[in-house]
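# Results of the structural survey
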Amino acid sequence: MMKSIKNKKTISESTILVTGGTGYIGSHTVVALIAAGFNPVIVDNLSNSKASVLDRIKKITGKRPPFYKLDMRNRAALNKVFQKHQIASVIHFAGLKAVGESVAEPLRYYENNIQSTITLCNVMAKHGVKKIIFSSSASVYGQASGIPIREDSAPAPTNPYARSKWIIEQILQDVYIADPGWRMVLLRYFNPVGAHESGQMGEDPRGIPNNLMPYISQVAVGRRNKINVFGNDYPTSDGTGVRDYIHVMDLAEGHIAALKKMEKKTLWKSKQNPIIINLGTGRGYTVMEIIQAFSKASGKKIPYRITKRRPGDIAACYADITLAGKLLGWKAKRSLLDMCADAWRWQSRNPQGYP
Ligand code: NAD
Ligand code: WQD
């Protein structure tokens, strides 16, 4: 009797539901989870990813995690996944993330991102699963009053996407107030870039990339002619925007650190819940520095032209990473050159992305 209870606990502690697990950050985190000995279970509606990423996960890790194609708002379908698997914790990546699109289609963004999270929390509570890591974003800070940005900087989101993240943070806070049995870690990511070092997995945006690094790598591989640099008249070292780029595998490992800490009761006795933590490197690079680093890593010339500022952009944004070190014992390890070299390995071996 004792033995079976013990076994059940061991199994349950290691099973992690990863929502949005076929997406960019989710898939890399699944690989990190398997490497750390966890058993990830993936749900995703494939609205912004492809099932073929599962083959790549298998290639890298030797394991193919269970996958359920479902929409997070489908309560009955999600419920079945919780019935089938002894889930210990959830890492909630699923969501829409394009800022410009969110301005054009705010209701779709609010409905998708917020309703998904409410449905998830309801199903989790029903099954007594109360440990969640949520993908928030540095975009909740908006134009922060000071850099490096600390977690206690007042949120001021400037678009519906960022606002959806801020609203979800507050909903989770309320869920915790109503039931302090929850353990919640809200991770505010800065600018995730790069790819798994194998070259098997990476970022595969649909259509024209919105973000700097995937755009540059498509220029390097010949899919696009040149990169537009959005403004060179900011008050930064060379006039172009400064951001805190973080290697996606460092980010993935940050989730493992958060998961392990969530298991430790001591962390949760004294601390305010939910815990909000920045995940970045703590240093910023300009757009021109990124172009130069990518050119060096790929051996390719990256043609660019300076254009006007992109509306809504800020001059500089990078994280204060003190809290991540203190609470999670985690720090990003990989350099800008690693980020560019790994992104290039992925892009050059998979010029059109996933099959
Ligand atoms: P992604 O689009 O590659 O992955 C998100 C996944 O969620 C996709 O596979 C998509 O199909 C899935 N999804 C979306 N809505 C869903 C729904 N209703 N039901 C089921 N699946 C759904 O994005 P990503 O870059 O991997 O981002 C993961 C998370 O991190 C997102 O919540 C995003 O907002 C957040 N985030 C991303 C960045 C970034 O720059 N990439 C920065 C900060 C925060
Ligand atoms: C980086 C820098 C641009 C493209 C966005 C979201 C944020 C988060 C991460 C999800 C800026 C410049 C860009 C180009 C350029 N995502 N740039 N030419 O804007 O910091 O953050 O992605 O949470 O919410 O807002 O990232 O990669 O778009 O831009 O010059 O073609 O590159 O002006 O200085 P951003 P980005």
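Summarised in this report is the structure supplied together with it. (Residues numbered from 1 in each chain as written. Chains lettered and ligands numbered in written order. Predicted model: local features only at pLDDT ≥ 70, side-chain atom pairs only at ≥ 80, totals over all residues. Heavy atoms only, no water.)

## Observations regarding the packing of aromatic side chains
Geometry of an aromatic ring pair is reported as the spacing of the ring centres plus the angle between the planes. All told, the structure shown has three aromatic pairs when counted by the stated rule. Centroid distance Tyr 141 to Phe 190: 6.4 Å. Interplanar angle 35°. Geometry classified as tilted. A residue pair is termed long-range when its members are at least 10 positions apart, and Tyr 141 in the loop between strand S5 (131-137) and helix H7 (160-178) and Phe 190 in the loop between strand S6 (183-189) and strand S7 (191-193) qualify at 49 residues. The buried category is assigned to Tyr 141, whose relative accessible area is 0%. Exposure remark for Phe 190: the relative accessible area of 6% places this residue in the buried category. Between Trp 346 and Tyr 354, the ring centres sit 4.7 Å apart and the planes meet at 50°, which makes this aromatic pair tilted. Arg 224 extends its terminal NZ or CZ atom over the ring of Tyr 215, reaching a point 5.8 Å from the ring centre. Just above the ring of Tyr 234 sits the side chain of Arg 309; from NZ or CZ to the centre is 4.0 Å. (Phe/Tyr/Trp six-rings, centres within 6.5 Å; stacked < 30°, edge-to-face > 60°. Helix = DSSP H or I, 4+ residues; strand = E, 2+ residues; numbered from the N terminus. Buried < 20%, exposed > 50% of the residue type's maximum accessible area, 1.4 Å probe, protein only. Lys NZ or Arg CZ within 6 Å of the ring centre and 35° of its normal.)

## Observations concerning the site of ligand 2
As a matter of local geometry, ligand 2 sits amid 18 residues, with Ser 137, Tyr 161, Asn 228, Arg 243 and Asp 313 nearest to it. One of the backbone N or O atoms of Phe 230 is found 2.9 Å from an oxygen atom in ligand 2. If ligand 2 stood free it would expose 690 Å²; the protein chains cover 87% of that surface. Classifying every residue of the shell around ligand 2 by side-chain character gives eight nonpolar, seven polar and three charged. (Near = heavy atom within 4 Å. Polar contact = N/O pair within 3.5 Å; in protein donor to acceptor, adjacent residues only side chain to side chain. Areas by Shrake-Rupley, 256 points an atom, 1.4 Å probe, with all protein chains shown as cover. Nonpolar A, V, L, I, M, F, W, Y, C, P; charged D, E, K, R; others polar.)

## Let's talk about the side chain of Arg 188
With respect to the element layout, Arg 188 can be found in strand S6. Of the polar contacts made by the side chain of Arg 188, one reaches the side chain of Tyr 141; its length is 3.0 Å.

## Examining empty space enclosed by the protein
With the rule as written, the count across this model stands at two cavities of 30 Å³ or more. Empty space within the largest cavity amounts to approximately 80 Å³. Taken together, Tyr 24, Gly 194, Glu 203, Pro 205, Met 213, Pro 214, Ser 217, Ala 343, Trp 346 and Gln 347 form the lining of the largest cavity. For the lining of the largest cavity, the elements supplying multiple residues, two or more each, are helix H8 (212-220) and helix H13 (336-349). Looking at the lining of the largest cavity residue by residue, the classes come out as six nonpolar, three polar and one charged. Lining the second largest cavity, in full, are Glu 203, Asp 204, Pro 205, Gln 218, Arg 223, Trp 346, Gln 347, Asn 350 and Gly 353. Tallied by class, the residues present in the lining of the second largest cavity amount to two nonpolar, four polar and three charged. (1 Å grid on protein atoms, 1.4 Å probe; cavity = no way out; pocket = protein on both sides within 12 Å on 5 of 7 lines; lining within 4 Å. Points joined across faces, edges and corners; volume = space filled by probe spheres on them.)

## What about the pattern of salt bridges?
Going through the model one piece at a time under the given rule, you end up with 17 salt bridges. The closest approach of N and O atoms between Arg 73 and Glu 111, which form a salt bridge, is 4.0 Å. With a gap of 38 residues between them, Arg 73 in the loop between strand S3 (67-69) and helix H4 (75-84) and Glu 111 in helix H6 (residues 106-126) connect regions that are remote in the sequence. Residue classification places Arg 73 among the partly exposed positions, given a relative accessible area of 31%. In this structure, Glu 203 engages Lys 97 in a salt bridge whose closest nitrogen and oxygen atoms are separated by 3.9 Å. Of this pair, Glu 203 sits in the loop between S7 and H8 while Lys 97 sits in the loop between strand S4 (89-92) and helix H5 (99-104); the two residues are 106 residues apart in sequence, bridging distant segments of the chain. A relative accessible area of 14% places Glu 203 in the buried class. Members of the salt-bridge network, linked through shared partners, are Asp 250, Glu 253, Lys 333 and Arg 334. (Salt bridge = Lys/Arg side-chain N within 4 Å of Asp/Glu carboxyl O.)

## Digging into the nonpolar core
Ranked by internal contacts, the top residues of the largest apolar core, which has 42 residues, are Leu 33, Ile 57, Ile 133, Leu 259, Ile 277, Leu 279 and Trp 330. For this core, the elements supplying multiple residues, two or more each, are strand S1 (15-19), helix H2 (24-35), helix H3 (53-61), S6, helix H9 (248-263), strand S11 (275-279) and helix H12 (322-328). With nine residues, the top contributor of residues to this core is H9. Apart from the residues within four sequence positions on either side, Ile 57 is in contact with Ser 27, Val 30, Val 31, Ile 34, Ile 42, Gly 62, Lys 63, Pro 65 and Met 201. Judged by nonpolar contacts, the second largest core, of 25 residues, contains Leu 70, Ala 94, Met 124 and Ile 132. (Core = buried A, V, L, I, M, F, W, Y, C linked by side-chain atoms within 4.5 Å. Contact = heavy atoms within 4.5 Å.)

## Re the pairing of S1
Across the five residues of S1, five count as buried, placing the element largely inside the fold. What you see with S1 is no split at all: Thr 15, Leu 17 and Thr 19 on one side and Ile 16 and Val 18 on the other are buried throughout. Pairing between S1 and strand S2 (residues 39-44): five bridges, direction parallel. Counterpart to Thr 15 in the pairing with S2 is Asn 39. As for the winding sense of the linkage, the β-α-β connection from S1 through H2 to S2 is right-handed. With four bridges joining them, S1 and S4 adopt parallel strand pairing. Looking across to S4, one finds that Leu 17 is bridged to Val 90. (Pairing = 2+ DSSP bridges. Right-handed = clockwise from strand over helix to strand, strands pointing away.)

## Describing the site of ligand 1
Residues in close proximity to ligand 1 total 28 residues, the closest being Asp 44, Asn 48, Ser 49, Phe 93 and Tyr 161. Asn 48 is positioned such that a nitrogen or oxygen atom in its side chain is 2.7 Å from an oxygen atom of ligand 1. Between ligand 1 and Phe 93, the relevant distance is 2.7 Å, taken from an oxygen atom to a main-chain nitrogen or oxygen of the residue. Its free accessible area being 820 Å², ligand 1 has 95% of it covered by the protein chains.

None of the figures reported here should be taken as evidence of function without further support.
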